[in-house]
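Topology and contacts: notes
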Amino acid sequence: MKPESERKSLDFYLNKVYPFTIYPSSEGGYSAEIPDLPGCLTEGESLEELGRNIEEARRAWIEVAYEEGLGIPLPRNEDVYSGRFVVRIPKYLHRRLAEEAGRSR
């Protein structure tokens, strides 16, 4: 648990926008999960109901974690990623990839 002086307010976390993923359910309706909040998922018969349910699940997840003094992950966003990805590959593969990239322009 973080010392109170370092801890952000509950509203700080509740006001964050967490992306979620929607899956159609094989029985009908939909399921949704927030990957940044482990175990935060819900279901709904319609997309409207799912939207209300995922918002309720997000708020409840954050409130419980906050009350328990657990760490609350911040939502991933593109600002965190530099866009740089470094990997070593054989020269022949590098050439082929560069050629393919040139063709697709």
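Computed from a predicted model, the values in this text were never measured in an experiment. (Residues numbered from 1 in each chain as written. Predicted model: local features only at pLDDT ≥ 70, side-chain atom pairs only at ≥ 80, totals over all residues. Heavy atoms only, no water.)

Examining the pattern of salt bridges
This structure, assessed with the given rule, holds three salt bridges. The shortest N-O distance in the salt bridge between Glu55 and Arg58 comes to 2.7 Å. Here the residue Glu55 and the residue Arg58 both occupy positions in helix H2 (residues 47-68), the gap between them amounting to three residues, near one helical turn. Where Glu63 meets Arg59, a salt bridge forms, and the shortest distance between an N and an O atom there is 3.7 Å. In this pair, Glu63 and Arg59 are both assigned in helix H2, four residues apart and thus about one turn of the helix distant. (Salt bridge = Lys/Arg side-chain N within 4 Å of Asp/Glu carboxyl O. Helix = DSSP H or I, 4+ residues; strand = E, 2+ residues; numbered from the N terminus.)

Some thoughts on H2
Here H2 contains 22 residues, and its C-alpha end-to-end distance of 31 Å stays within 8% of the 32 Å for a straight helix at 1.5 Å per residue. Taken together, the buried positions of H2 are occupied by Leu50, Asn53, Ile54, Ala57, Arg58, Trp61, Ile62, Ala65 and Tyr66. Packed against the buried residues of H2 are helix H1 (10-14), strand S1 (21-24), strand S2 (30-33) and strand S3 (41-44). Trailing H2 by a residue or two, Gly69 shows a phi angle of about 75 degrees, which is positive. (Expected span 1.5 Å × (residues − 1). Buried < 20%, exposed > 50% of the residue type's maximum accessible area, 1.4 Å probe, protein only. Contact = heavy atoms within 4.5 Å.)

Quick notes on the packing of aromatic side chains
With the rule as written, the count across this model stands at two aromatic pairs. Each ring, one from Phe12 and one from Tyr13, has its centre 5.1 Å from the other, and the planes form 85 degrees; the classification is edge-to-face. Given the relative accessible area of 26%, Phe12 is considered partly exposed. Here the aromatic rings of Tyr13 and Tyr66 are separated by 6.4 Å at their centres, their planes lie at 55 degrees, and the arrangement is tilted. Within this pair, whereas Tyr13 is found in helix H1, its partner Tyr66 is found in helix H2, the two being separated by 53 residues in sequence. Judged on exposure class, the residue Tyr13 and its partner Tyr66 are both buried. Ring pairs connect the aromatic residues Phe12, Tyr13 and Tyr66, which therefore count as one cluster. Looking at Lys8, its charged tip hangs above the ring of Phe12, at a distance of 5.3 Å from the centre. (Phe/Tyr/Trp six-rings, centres within 6.5 Å; stacked < 30°, edge-to-face > 60°. Lys NZ or Arg CZ within 6 Å of the ring centre and 35° of its normal.)

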